[in-house]
Amino acid sequence: MEQAKTPQELFLSAQRKRKRLIILAQILILVIFLAQWEATTRLGLVDSFIFSSPSKLLRCFYFLLTENHLLWHIGITLFETIISFLLVTLFTLAITMLLWMFPSFSKVAEPYLVVLNSLPKSALAPLLIVWLGANYKTIIVTGMSVAIFGAILNLYTGFTETSPDKIKLVKTLHGSTRHVLFKVVLPSNIPTMFSIMKVNIGLCLVGVIIGEFIGSKMGLGYLIIYGSQVFKLDWVILSILILCVIAILLFLLIGKIEKRFADE
């Protein structure tokens, strides 16, 4: 005779079922959208030259894959995005720690960070290319410029909102500023850091594409700008869809790392 499930097992089973239903609904929405897209272009309700179609994009994907080194372009954009993201994470953490350890310095720097964060980064990209040259290093810096200032402001806010009672306890036990930082502030802000990283990965991708628009002959940004110039709109739409897939995969990867870190 089958043993009755405990309330905990029933709850976990319901959660797994709900998760499967959500994934199924997401897939169903995507399938319906693609089917309607294909049908409307075949019936002539939508101009396939302007909006393309799933079947045309598949043929375009095969052509670019075999004739135009699509994987190379994807790899270049992915490499620039990941390097930009890692540097943003490193510099954000280092600068925020300095701002927290030296409050007077943070008060001086805050208005400049706000102004830099508010600047349209697409306006900075041409200057960066003139200053640094049209190369992958400039594109990486452009990707960093989109994300880093907002990340510093958000993480610094998290640092300043750390529980004062915990900080007081460490200081009561004769802990130094370094002890407070590494034993209280940083551990308390790990969820905040992962939330910022999830946002930053998308912003870095946006910044890299902006840089590739202006000063690159490689990458998905180059394919988009070139395709729009010669009216190969299939190239443009396909590149945008690939960017969407990359953004989703990178976001999920950070989520997996966060979950594993939380489990430990």
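You'll find the structure just up there.
Okay, so let's go over this structure. Just so we're clear, the structure is a prediction, and the values are computed from it rather than from any experiment.

What follows concerns the nonpolar core. Within soluble globular proteins, side chains that are nonpolar tend to cluster in buried spots. Core analysis: the biggest nonpolar cluster contains 36 residues, and Leu-70, Leu-220, Ile-242 and Ile-246 have the highest contact counts within it. Broken down by secondary-structure element, the contributors of at least two residues to this core are helix 3 (54-67), helix 4 (70-101), helix 5 (103-118), helix 7 (136-160), helix 10 (190-215), helix 11 (220-229) and helix 12 (233-263). A per-element tally of this core places helix 12 first, with 10 residues. Those residues in contact with Leu-220 that lie beyond four places of it in its chain are Leu-70, His-73, Ile-74, Thr-77, Ile-209, Glu-212, Ser-239, Ile-242, Leu-243 and Ile-246. Counting 14 residues, the second largest nonpolar core, distinct from the first, contains Ala-151, Leu-155, Leu-181 and Ile-196.

Here we take up helix 11. Along helix 11, the positions that sit buried rather than exposed are Leu-220, Gly-221, Leu-223, Ile-224 and Gly-227. One side of helix 11 carries all its buried residues, which in axial view fall inside an arc of 160°. Count one or two residues on from helix 11 and you reach Phe-231, which has phi positive near 60°.

This part takes up the packing of aromatic side chains. Applying the stated rule across the entire model yields five aromatic pairs. Here Tyr-226 and Trp-235 contribute two aromatic rings whose centre-to-centre distance is 5.7 Å and whose plane-to-plane angle is 45°, an arrangement assigned as tilted. With a relative accessible area of 29%, Tyr-226 lands in the partly exposed category. Here a set of aromatic residues connected by ring pairs shows up, and it is made of Tyr-222, Tyr-226 and Trp-235.

Next up on the list: the packing of helix 4 against helix 5. One way to put it is that helix 4 packs onto helix 5 with a least axis distance of 6 Å and a crossing angle of 125°. By the angle between their axes, helix 4 is oblique relative to helix 5. Only Pro-103, Phe-105, Ser-106, Ala-109 and Leu-113 of helix 5 make contact with helix 4, whose side of the interface consists of Leu-99, Trp-100 and Met-101. Here the residues of the contact of helix 4 with helix 5 sort into seven nonpolar, one polar and no charged.

Now for the environment of Lys-56. Assignment of secondary structure puts Lys-56 in helix 3. Each C-alpha atom, one on Lys-56 and one on Leu-238, is 9.6 Å from the other, the two residues being 182 residues apart in sequence. Excluding residues within four positions of it along the chain, Lys-56 makes contact with Ser-48, Phe-49 and Asp-234. Engagement of the side chain of Lys-56 in a polar contact is seen with the backbone oxygen of Ser-48, the distance being 3.4 Å.

Looking now at the layout of surface pockets. The calculated volume of the largest pocket comes to roughly 460 Å³. What lines the largest pocket is a set of 16 residues, and nearest its centre among them are Leu-30, Leu-34, Leu-241, Ile-242 and Val-245. When residues of the lining of the largest pocket are traced back to their parent elements, those giving at least two are helix 1 (7-42), helix 3 and helix 12. Of the residues forming the lining of the largest pocket, the biggest block, eight residues, is contributed by helix 12. Grouping the amino acids of the lining of the largest pocket by side-chain chemistry returns 16 nonpolar, no polar and no charged. A volume near 190 Å³ is recorded for the second largest pocket. Considering the residues around the second largest pocket, the lining is formed by Lys-19, Phe-251, Leu-252, Gly-255, Lys-256 and Lys-259. In terms of residue count, helix 12 provides more of the lining of the second largest pocket than any other element does, five residues in total. Counted by class, the lining of the second largest pocket contains two nonpolar, one polar and three charged residues.

What follows covers the side chain of Thr-138. By secondary structure assignment, the location of Thr-138 is in helix 7. By relative accessible area, Thr-138 is classed as buried at 1%. Beyond its immediate sequence surroundings of up to four residues, Thr-138 is in contact with Leu-128, Ile-129, Leu-132 and Gly-133.

A full pass over the atoms with the stated rule returns three salt bridges. Note that Glu-38 is salt-bridged to Arg-42, the shortest N-O span being 2.6 Å. Of this pair, Glu-38 and Arg-42 both sit in helix 1, separated by four residues, roughly a single helical turn.

Reading the values: rules and limits
- Residues numbered from 1 in each chain as written.
- Predicted model: local features only at pLDDT ≥ 70, side-chain atom pairs only at ≥ 80, totals over all residues.
- Heavy atoms only, no water.
- Core = buried A, V, L, I, M, F, W, Y, C linked by side-chain atoms within 4.5 Å.
- Buried < 20%, exposed > 50% of the residue type's maximum accessible area, 1.4 Å probe, protein only.
- Helix = DSSP H or I, 4+ residues; strand = E, 2+ residues; numbered from the N terminus.
- Contact = heavy atoms within 4.5 Å.
- Arc of directions from axis to C-beta.
- Phe/Tyr/Trp six-rings, centres within 6.5 Å; stacked < 30°, edge-to-face > 60°.
- Axes fitted to C-alpha atoms, helices over the stretch in contact; angles between N-to-C directions.
- Parallel < 35°, antiparallel > 145°, perpendicular 65-115°, else oblique.
- Nonpolar A, V, L, I, M, F, W, Y, C, P; charged D, E, K, R; others polar.
- Polar contact = N/O pair within 3.5 Å; in protein donor to acceptor, adjacent residues only side chain to side chain.
- 1 Å grid on protein atoms, 1.4 Å probe; cavity = no way out; pocket = protein on both sides within 12 Å on 5 of 7 lines; lining within 4 Å.
- Points joined across faces, edges and corners; volume = space filled by probe spheres on them.
- Salt bridge = Lys/Arg side-chain N within 4 Å of Asp/Glu carboxyl O.

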